[in-house]
Each structure stands twice: as structure tokens, then as C-alpha cells.
Amino acid sequence: FITGIFHLKVPESSHIGSAIGRIRAVDPDFGKNAEIEYNIVPGDGGNLFDITTDENTQEGVIKLKKPLDFETKKAYTFKVEASNLHLDHRFHSVGPFKDTATVKINVLDMDEPPVFSKPVYTMEVYEDTPVGTIIGAVTAQDLDAGSSSVRYFIDWKNDVDSYFTIDATEGTIATNELLDRESTAQYNFSIIASKVSNPLLTSKVNVIINVLDVNEFPPEISVPYETSVCENAKPGQVIQTVTAADKDLSPAGQRFSFRLSAEASNKPNFTVHDYRNNTAGIETRRNGYSRRQQELYFLPVVIEDSSYPVQSSTNTMTIRVCRCDPDGTILSCNVEAIFLPVGLSTGALIAILLCIVILLVIVVLYVALRRQKKKNTLMTSKEDIRDNVIHYDDEGGGEEDTQAFDIGALRNPKVIEDNKIRRDIKPDTLRFPRQRPPVEDNTDIKDFINQRLQENDVDPTAPPYDSLATYAYEGNGSVAESLSSIDSLTTEPDQDYDYLSDWGPRFKILADMFGEEESYNPDKVT
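Note that the structure is predicted; figures quoted are calculated from it, not measured. Each residue is numbered by its place in its chain's sequence as written, counting from 1. Note on the predicted model: pLDDT of at least 70 is required for a residue's local features to be given, and 80 or more for side-chain atom pairs to be given and counted; whole-chain, interface and lining totals, by contrast, use all residues. With hydrogens and water stripped out, all remaining heavy atoms of the structure feed into the side-chain values.

1. With respect to the pairing of strand β12 (residues 150–154)
Here β12 shows a buried face lined by V150, Y152 and I154 and an unburied face lined by R151 and F153. Pairing of β12 with strand β15 (residues 186–195) involves five bridges; the strand directions are antiparallel. Looking at β15, one finds that I154 is bridged to I191. Buried residues are those whose accessible area, probed at 1.4 Å on protein chains only, stays under 20% of the maximum for their type, while exposed residues exceed 50% and partly exposed ones sit between those limits. Every helix listed is a DSSP run of H or I at least four residues long, and every strand listed is a run of E at least two residues long, numbered separately from the N terminus. Two strands form a pair only when DSSP identifies at least two bridges running between them.

Next up, the structure:
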């Protein structure tokens, strides 16, 4: 059985699912018969609470099912029924084996954070709205009995939040920078509200701002801006289908219109056919085109959108005239093809160009060889005369003929020095006789050569540098005395060469040659 009335005090800030109180029923049985089940009787306020059985103590644990609000309701009363979990059918007639008790719960007022009027705030603003324009407001209230004032501020998380500001007292939101829908179409950030009396009590709400598009960019032709037309095109032939592109985020149902510009409407070359489905066709208006007369045509096309304010632009298309086969397949659009004779194929043109290139190469090589040959000839003529072989068809008169050889032919024209006498030719003005000092007896050959060398160095009539000078000189001290006839006053018949036989076998040949004439026989000389 349960006795009396249970009184509980619960703070309004209690969390859902938390235990807010316990009640106990008394059962004198033991074991399984003592297990108790608790239930809340439906009635006033019972739907905010729940009750379960503690298996260890057999107490009823009351839990919170929904949040409490002191400002809404300050007290709740409901009944709790306790009964045996295991009933013995033999004792059903004895009694109901259950009892009820009343539970009264008083809600305690707590200092709570402000409460926003909406769970989410959604606002709209046009792009390029002036800075400082108010686009909306948020509202939060302190529902406590004291009713404190509320302050607002933006929960800064990234640079995007800097595009807006909020009034701390009123909660109004204004633009802080110019907005561009093509850059960012939607902004999402949080606003925090706090109590002035207790700034630690705060609440947060999400704010979504959609940027509305303003028609600021004119439409343009989508690529390509260049197309072609065949020379054999017929009037009314569609050569290109064009579409439009708009940098603005086009709303649903956006329409683009196409037309020729005013200055091109009177020209009989091409026209624009608007298909009224945001596409248009470029059509021909002439029966054939000639590349020889005009290779390129420029067609101004005007495109206009249907947004507000209306934006339009003029786009110039380039149309190139090409040579095509009868089926309309393009064969050539090259500029050089315009000047080709009728019937001359591309292969023939390539062959002609190759021949021209070969002829040019031959001419260049010929000119280069001629220049090289001329250069070699000039270089050869500038060579030093000493590096050449000079051929003379003149026969001299022997070693005693000193007048037949012109020593001036060997002169070097490059060794002329200022204020110096030439040593490679005989001077015309200076003619000094060659006077050599007599050679003293017993003069050493080394002294003799040095003396002659010094004479040639200072002799202006000496031969060229590379000439060979010969001298007849005989030393002294020979046992056989002089063998030379130089400085000899006697003649050959007066000489007696018999003493050569006494000199041994090395002088045998000389003794035979200069001995008695009848004793010398050349056939016996070996």
C-alpha cells in the first residue's frame, strides 16, 4: 500500500529524462510476491512525467518526459498506482492487491536564457544594396519573472559574417558590404542573445539571407564567334545556330531575343532568324559568294534578355568564305587558295613550291662557292714572298760568275725599317770596298771565324741573312807542313811528293797520285 500524498519540488531547468523524485509502496510479502509495478493514472499533468520501478529498492522513480516552464505552469498533480507484478490466481478473491497515492510537483522558477521568437530566421536582399540598409530583425525575450533586457551580437566564425551587422539593442540586421549574387547567392550565420542581468545565459538562432539577382550583365553569344559559308551556298541556307549566355543567374523563364543590328539590316548578305527558344540561325541571303571579291564578312547580332532592367549587347560574328564540294563539305578556307587557278590541286601547288625552293638553294650555294674562291685568291696574293718558290730560266756562268745571279730577287719587302740600311740588297749609294785585315800567323780557327762573322754583321754589302759565306783558311803545326797551293810560290812540277811514301799505308794513294807519273796507274787504285 502507498500512504498519503507525495510532494516534490522540481526546477524548471530540469532536463528531459532526468529523475525528479521517488515514492515507495509497502508490501509485507517476500521474494517474487514483493515485486511492485508503478503506473501514473491518466489525468491532470500526468502526461509530462513517467515512472519506473527500481529493481533493487522497489521504489517508483519519477522522470521528466517534457520540459517544465515556471512561467507557463507552476504546479502539477497526478496519481500513481502501485500493484503486485506477480499475482497468484488462488488469492484473486481476497483483494485487488494494488493501491494509489497522490503526487504533487511544484515547479521552481530558475534564471533562464532569452528565448527567440522563431527557431530560424530567413531574409532576402537584392544584390548591390547600399551599405547600411536594414534587411530584417530578430527578437528574443526573457520569460523569467524578472524580465531582463536582451542584447544581440553575431557569432563570428569566418569572414563571410562581416558582410552584415546587427543592432545590439533592437536586433535589426543591416548590410555592411555590397553583395554580389554571382559571387555568393546565400549567407548563413548565427545570432546570439544574452540577458543583461546575467550575460552567461545565452541562446542562439540561425539566420539565412538569400541574395536576389539584379539584371546587371547583358547577354552574349556563346562560342563560336566565327563560322564559315560555302562559295556555292544557296539563299536561305542556315550556316550556324547560335545561343546566348548571361553572367547573371537567369531566373526561370528567362528569354533571349536575337536580331540584326540596324546598320546590317539593309545589307543583302546574311540575316538572323530568331527561333524564339533562346536560339537563332544565321542564314544566307545571296546565291553564292566569291572569295576573290571578299573573303571575310562581319555580322553584328543584337541579343536582348527579358529581365528587369532589360540588358542587350551587340556581338560581331566573323563569317569566312570557303571552297566546298557540291555536298557542302569544306575543302579549303586558306587565304592562298584564293589565288590558285581553277583546277590546280593542292599537290600541284606543293610541287611548284618545292621546285622554287630547290632553285633558290642552288643559287645560294653557287654564290657562296664563288665568294669563297675569290676570298682564297685574295688571301694567296697577300702571302709573303719568302713563302713562295720563284723559278728562273736563267743559267749561271759557274761559281766564279758572280754577276749572273741577282741577289736583289731574294729581298724581303716587309723588313724595311725606318732610318736603317737594308742588308738584303746591295745599297746604291754606299759602296765600300771590302778590306779585310791580314790574318796573323798561328791564329786560332775560332778567332778567325768570329772575326769574319763580325765583319759580315757590319758589312752593308753582305749577302742576305740566310746566305752561306765560305772562307779558305789553313791552320799550322802539321808535320807534313802545308798541302795547299795557296800562298805557294812554286809550281806543281817543282813539287817533290816522294816523301808521301814514307808516311805509311794511309797516304799510299796520295803518293801514287803525286809521285812519279809513270808509277801511277789509276786501274790499280782500289
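Moving on from the model shown.
2. A closer look at the side chain of S83
Mapping S83 onto the fold places it in strand β6 (residues 75–84). Setting aside its immediate chain neighbours within four residues, S83 contacts E35, I36, E37, F97 and K98. Whether two residues touch is decided by their heavy atoms; if any such pair falls within 4.5 Å, the residues are in contact.

3. Focus on the state of the cysteines
Cysteine sulfur atoms are paired as a disulfide whenever they fall within 2.5 Å. Using the criterion set out here, one finds two disulfides in the structure. Here C230 connects covalently by a disulfide to C324, the sulfurs 2.1 Å from one another. The chirality of the disulfide connecting C230 with C324 is left-handed, given an S-S dihedral of about -85 degrees. Of this pair, C230 sits in strand β18 (residues 226–230) while C324 sits in strand β24 (residues 312–324); the two residues are 94 residues apart in sequence, bridging distant segments of the chain. In this pair, the class of C230 matches that of C324, namely buried. The cystine pairing of the protein, numbering bonded cysteines in sequence order, is 1-3, 2-4.

4. Comments concerning the nonpolar core
In terms of nonpolar packing, the biggest core is built from 24 residues, with F49, I62, V103 and I105 touching the most fellow members. Contributing elements (two or more residues each) for this core: β1 (5–11), β2 (19–24), β3 (36–41), β4 (49–53), β5 (59–64), β6 and β7 (98–108). Discounting residues that sit within four places of it in the chain, I62 has contacts with L8, S18, A19, I20, G21, I23, F49, D50, I51, F78 and V103. Definition used in this section: a nonpolar core is a set of buried Ala, Val, Leu, Ile, Met, Phe, Trp, Tyr and Cys residues joined via side-chain atoms within 4.5 Å.

5. Some details on the sheet that holds β12
Taken in spatial order, the four strands line up as β9-β16-β15-β12 in an open sheet, and their pairing is mixed. Two strands bound the open sheet, and with one partner strand each, they are β9 (120–126) and β12. Strand-to-strand twist across the sheet, computed as the mean angle between neighbouring axes with direction ignored, equals 30 degrees. The pairing of β9 with strand β16 (residues 202–212) spans seven bridges and is parallel. The residue of β16 that forms the bridge with Y121 is V207. The axes used here are C-alpha line fits, helices contributing only the stretch in contact, and every angle between their N-to-C directions lies in the interval 0 to 180 degrees.

6. So, the confidence of the model for the protein
As a per-residue measure, pLDDT reflects the predictor's confidence and takes values from 0 up to 100. For the protein, per-residue confidence averages 79 on the pLDDT scale, and residues scoring 70 or more make up 73% of the total. By mean pLDDT, helix α3 (residues 508–514) is the weakest element of the protein at 79, and strand β14 (residues 172–175) is the strongest at 96. Segment residues 409–420 is flagged for pLDDT under 50; beyond a separation of four residues in sequence, or across chains, it makes 17 contacts in the model.

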